[in-house]
Amino acid sequence: MTEMVGDPPAARALSDRFGSIPTGAKVFLILSAALLPLAIIAFFATLQTAAMADDAMRAQMRVTATESARKLAIELVGDMTALRVALNALEADPADAPSCARAQGVFAPQAAAGTRFSITDSRGRIICGQQLPVAAWPAESSADAPIAARLHPGRGLTLATTSTTGRTRAAAFFPATVLAATAKPSGYAPPYEARLALDQDVLSLNELPSGGPLERRAALGMAIGVGDIMLMTRVRSVPITSPMLVALMLPIIMWAAAAGIAWFVVDRLLIRPLRQLRTSVAHFVPGEEVDPGTVRTLPAMEIRDLGETFRAISRTVAAHEAGLADGLVRQTKLTREVHHRVKNNLQVISSLINFHARAARSVEATNAYASIQRRVDALAVVHRNHFAELEENRGLSLRSVLGELASNLRATAPDGAPIGIALDVLPYLVNQDVAIAIAFLLTEIVELAMTVSPTAQVRISVGPDESVARAILRVNSSALIDDDRMRTLVAERYGRVIEGLSRQLRSKLHYDPLVGAYEISVAVTGCD
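Note that the structure is a prediction, hence the values are computed from the model and not measured.

Caption draft 1: Layout of the sheet that holds strand 3 (residues 148-152). Ordered by their spatial adjacency, five strands build an open sheet running 2-1-5-4-3, and the pairing between neighbours is antiparallel. The strands lining the two open edges of the sheet, one partner per strand, are strand 2 (126-129) and strand 3. Pairs of neighbouring strands in the sheet enclose a mean axial angle of 20°, with direction left out of account. Taken together, the five bridges between strand 1 (residues 116-120) and strand 5 (residues 169-175) define a ladder with antiparallel strand orientation. Residue pairing for strand 5: Ile119 is matched across the bridge by Ala170. Where helix 4 (residues 176-183) meets the sheet, its contacts fall on strand 4 (156-162) and strand 5, and the angle it forms with strand 5 comes to roughly 75°.

Caption draft 2: Structural context of a nonpolar patch on the surface. A surface patch of nonpolar side chains, amounting to about 840 Å² of accessible area, comprises Phe28, Leu29, Ile261, Trp263, Phe264, Val265, Leu269, Leu270, Leu274 and Leu306. Ranked by residues supplied to the nonpolar patch, first place goes to helix 5 (residues 242-282) with seven residues. Looking at the element boundaries, Leu270 is found in helix 5.

Caption draft 3: Looking closely at the packing of helix 8 (residues 398-411) against helix 9 (residues 432-452). Packing of helix 8 against helix 9 brings their axes to within 11 Å, and their N-to-C directions diverge by 35°. Our pair here, helix 8 against helix 9, has a crossing hand that is right-handed. Here Leu398, Leu402, Leu405 and Leu409 of helix 8 come into contact with helix 9, specifically with Ile438, Ala439, Leu442, Thr443 and Val446. For the contact of helix 8 with helix 9, the residue count by class is eight nonpolar, one polar and no charged.

Caption draft 4: Focus on the environment of Gln131. Assignment of secondary structure puts Gln131 in the loop between strand 2 and strand 3. You can call Gln131 exposed: its relative accessible area is 59%. With 40 residues separating them in the primary sequence, Gln131 and Ala171 have C-alpha atoms 9.9 Å apart.

Caption draft 5: Molecular detail of helix 9. Helix length check: helix 9, at 21 residues, gives a terminal C-alpha distance of 30 Å against a target of 30 Å (1.5 Å per residue), a fit within 8%. Of all 21 residues that make up helix 9, 17 are buried, and the element is covered over most of its length. Where helix 9 starts, the residue carrying a side-chain oxygen 3.4 Å from the main-chain nitrogen of Asp433 turns out to be Asn431.

Caption draft 6: Region of the structure containing the pattern of salt bridges. Inspection of the entire model under this criterion finds seven salt bridges. In this structure, Asp424 and Arg459 form a salt bridge, with 3.0 Å as the shortest nitrogen-oxygen distance. Taken as a pair, Asp424 in strand 11 (residues 420-425) and Arg459 in strand 13 (residues 457-464) lie far apart in primary sequence, 35 residues in all. Here Arg474 and Glu519 are joined by a salt bridge, their closest N and O atoms 3.0 Å apart. Here the residue Arg474 occupies a position in strand 14 (residues 470-477), and Glu519 occupies one in strand 16 (residues 517-523), the gap between them amounting to 45 residues. By relative accessible area, which is 27% here, Arg474 ends up partly exposed. Judged by relative accessible area, Glu519 falls into the partly exposed class, the value being 27%.

Criteria and thresholds
Residues numbered from 1 in each chain as written. Predicted model: local features only at pLDDT ≥ 70, side-chain atom pairs only at ≥ 80, totals over all residues. Heavy atoms only, no water. Pairing = 2+ DSSP bridges. Helix = DSSP H or I, 4+ residues; strand = E, 2+ residues; numbered from the N terminus. Axes fitted to C-alpha atoms, helices over the stretch in contact; angles between N-to-C directions. Contact = heavy atoms within 4.5 Å. Patch = residues over 30% accessible without salt bridge, like charges linked within 9 Å, V, L, I, M, F, W, Y side chains within 5 Å. Areas by Shrake-Rupley, 256 points an atom, 1.4 Å probe, with all protein chains shown as cover. Salt bridge = Lys/Arg side-chain N within 4 Å of Asp/Glu carboxyl O. Left-handed = near helix turned anticlockwise from the far one by under 90°. Nonpolar A, V, L, I, M, F, W, Y, C, P; charged D, E, K, R; others polar. Buried < 20%, exposed > 50% of the residue type's maximum accessible area, 1.4 Å probe, protein only. Expected span 1.5 Å × (residues − 1). Polar contact = N/O pair within 3.5 Å; in protein donor to acceptor, adjacent residues only side chain to side chain.

Encoded structure:
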């Protein structure tokens with residue numbers, strides 16, 4: 001059988017934390033979590049579209065850079081090849097005018113733009129061409145690199161070569177304008193930037209003006225095959241324009257707007273009206289009518305119906321409260337009438353007993369009527385005090401009940417038997433059942449003391465017990481000290497009644513035969 005395992009404490013803590021979040025915030029979080037993946041997908045789709053446009057632009061730029069590098073290489077290598085042929089011929093015969101003329105013919109179309117060449121002998125004298133506009137001479141060429149190159153930033157490019165014997169050298173200077181015109185691709189409309197780079201030197205052929213702070217550029221380097229010269233080409237990538245920014249931000253804005261609008265609608269149409277309705281119901285007082293207030297003006301029909309339902313319920317409760325109040329008034333009147341009639345009946349019984357006691361012809365009969373009179377009086381005392389406390393319903397005061405009971409016991413004592421009763425009672429409160437049992441118990445014990453000794457002195461006290469909900473009732477008299485007469489009366493007449501009353505008080509009655517005292521713990525409801 002599979003054992004059911006409860007949630008871990010971390011999961012319960014997370015559930016409790018989520019449950020404490022307001023409903024509007026829960027709706028906002030749930031919608032945000034649901035719509036955020038869609039916003040992210042749309043955002044990256046827009047980025048992918050821009051990346052595809054960049055890839056297309058880079059492919060076109062690669063084609064253009066390859067064409068420009070090839071055109072530069074063809075032009076420069078062709079010119080340097082013609083110059084090397086003339087160099088070798090002039091080294092063999094410095095007076096070879098046709099070879100020099102052929103070299104001049106090769107460079108003649110570019111001479112107007114500033115292209116120059118120079119062939120010098122071993123002493124540095126120019127044997128063909130003219131002085132170069134730059135003073136610097138490129139590094140010596142080698143077998144691996146027959147053409148040496150040097151860039152002059154802002155001016156142009158110098159290419160140099162040496163004859164096979166090394167005695168004669170030739171160099172050519174190409175201005176930046178000539179190189180830019182040569183490297184210009186055919187049929188490429190968008191603006192671009194072209195630069196020649198060699199080591200740390202850079203020669204700009206074509207500048208690309210700045211397009212603003214959001215401009216993006218793509219660069220591509222390619223060797224032209226002459227020395228270590230690199231042709232660096234840069235063009236503008238797909239610009240970050242305002243439509244592109246809007247396209248990027250629109251999914252995020254739509255996500256935030258959808259979640260915010262949903263939260264606003266739920267909060268305005270559901271949460272806030274329910275909160276107002278809850279406040280109205282929380283302040284509801286029985287007997288009044290719940291007024292939903294602004295809930296009735298809202299477009300949420302269900303909440304309006306709920307408000308009207310609470311209003312109807314409050315009307316029903318008010319009607320029931322009014323009916324219960326009327327019934328309570330009638331019941332109170334009936335209870336007072338019943339208590340009044342019981343009190344009158346007890347008074348009639350007491351009067352009848354007293355009337356018959358006066359007509360008795362023997363002492364035993366008179367004493368029997370007196371004993372019955374004492375018990376009726378004890379019941380009447382409790383009933384009168386209970387009727388007096390009926391309005392407050394706090395309980396009966398033991399001090400009042402025992403004071404009136406002691407007066408009645410003194411009044412019903414036999415003639416010529418001045419019994420004394422002393423009271424030491426704290427202001428405890430008890431319910432009616434406990435008061436009746438105490439009154440009957442004291443009546444029995446006091447009558448026992450009077451029967452043993454007509455002049456007995458009795459002390460009745462009520463003091464605190466270990467528990468605040470109980471008190472100690474104590475009756476002490478020298479007439480209650482253990483002797484033969486005392487034991488006979490307890491066994492034949494009073495013992496069974498006293499024991500039954502102690503059981504009614506749900507406590508054990510303690511008897512001290514040496515000092516003549518009865519003691520019992522009774523339940524109290526408080527202290528006055």
